Amino acid sequence: MTAEGRNRPAKPSCLGLAPGTQLTFSKDPQVTCAVSGPRTVIFQSEELSLSAAALRAINAMGYNWTTVNGFEYWTYQGQKLAALAPAIVKQGRAKAEAS
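Residues numbered from 1 in each chain as written. Predicted model: local features only at pLDDT ≥ 70, side-chain atom pairs only at ≥ 80, totals over all residues. Heavy atoms only, no water.

Visitor: What exactly am I supposed to notice about the side chain of Thr-21 here?
Guide: Relative to the assigned elements, Thr-21 resides in the segment before strand E1 (22-25). A distance of 2.7 Å separates a polar atom in the side chain of Thr-21 from the backbone oxygen of Ala-18. Contact partners of Thr-21, with chain neighbours within four places excluded, come to Cys-33, Ala-34, Val-35 and Tyr-76. (Helix = DSSP H or I, 4+ residues; strand = E, 2+ residues; numbered from the N terminus. Polar contact = N/O pair within 3.5 Å; in protein donor to acceptor, adjacent residues only side chain to side chain. Contact = heavy atoms within 4.5 Å.)

Next up, the structure:
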């Protein structure tokens, strides 16, 4: 659970993002990655977690950070993954309750 008290999915597949889906870095729209598996993306020709890819992008911009939450820095269709997560989780709960 996060500091805000919300659960966040730990992988792109929890958001329904299929392999090949392009994500954009929120600090620089020229920086992108592509979903490659349930827990990974391809960034600069390497398979990494969302957070590892975001950290490399942040460090390449000159920041000397050691950790970063990938869901806060990668976007899909203009929205941060962190913002999409609660809506996706809510949809999943509604489907489960309807079953």
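Structure shown, so let's carry the discussion forward.
Visitor: Teacher, can you tell me more about the packing of aromatic side chains here?
Guide: Given two aromatic rings, their pairing is described by the distance between the two centres and the angle made by the two planes. Here the structure, examined in full by the defined rule, presents five aromatic pairs. Chaining the aromatic ring pairs together yields one cluster made of Phe-25, Phe-43, Tyr-63, Trp-65, Tyr-73 and Trp-74. (Phe/Tyr/Trp six-rings, centres within 6.5 Å; stacked < 30°, edge-to-face > 60°.)

Visitor: How should the pairing of strand E2 (residues 28-35) be read in this particular structure?
Guide: Remember that side chains alternate between the two faces of the sheet whenever the strand is regular. Of the strand pairs in this sheet, E1 and E2 are connected by four bridges, and their pairing is antiparallel. In the strand pairing of E2, Thr-24 is matched with Thr-32. With antiparallel pairing between neighbouring strands as the criterion, E1 and E2 make up a hairpin whose turn holds two residues. Looking at chain direction, E2 and strand E3 (residues 41-43) are connected through two bridges and run antiparallel. Bridge pairing in E3 links Ala-34 to Ile-42. Between the end of E2 and the start of E3, which pair antiparallel, lie five residues. (Pairing = 2+ DSSP bridges.)

Visitor: What is the right way to read the confidence of the model for the chain from this model?
Guide: Note: predicted coordinates in regions of low pLDDT should not be interpreted at a detailed level. Looking at the chain as a whole, its pLDDT mean stands at 83, while 76% of the residues score no less than 70. For the stretch residues 1-5, pLDDT sits under 50, and the model shows three contacts to residues farther than four places along the chain or on other chains. (pLDDT = per-residue confidence, 0-100.)

Visitor: How should a nonpolar patch on the surface be read in this particular structure?
Guide: On the surface, Met-61, Tyr-63 and Trp-65 cluster together into a nonpolar patch covering about 270 Å² of accessible area. Along the chain, Trp-65 falls in the loop between helix H1 (50-60) and helix H2 (70-73). (Patch = residues over 30% accessible without salt bridge, like charges linked within 9 Å, V, L, I, M, F, W, Y side chains within 5 Å. Areas by Shrake-Rupley, 256 points an atom, 1.4 Å probe, with all protein chains shown as cover. Salt bridge = Lys/Arg side-chain N within 4 Å of Asp/Glu carboxyl O.)

Visitor: I keep staring at the sheet that holds strand E6 (residues 79-80) and nothing clicks. Help me out?
Guide: In any sheet, the strands associate via hydrogen bonds between backbone groups, in a parallel or an antiparallel arrangement. Overall, antiparallel pairing links the six strands, which are arranged E4-E3-E2-E1-E5-E6 in an open sheet. The open sheet has two edge strands, strand E4 (46-48) and E6, and neither has a second partner. The sheet contact formed by E3 and E4 spans three bridges and is antiparallel. Each bridged residue has a counterpart across the sheet, and for Val-41 the counterpart in E4 is Leu-48.

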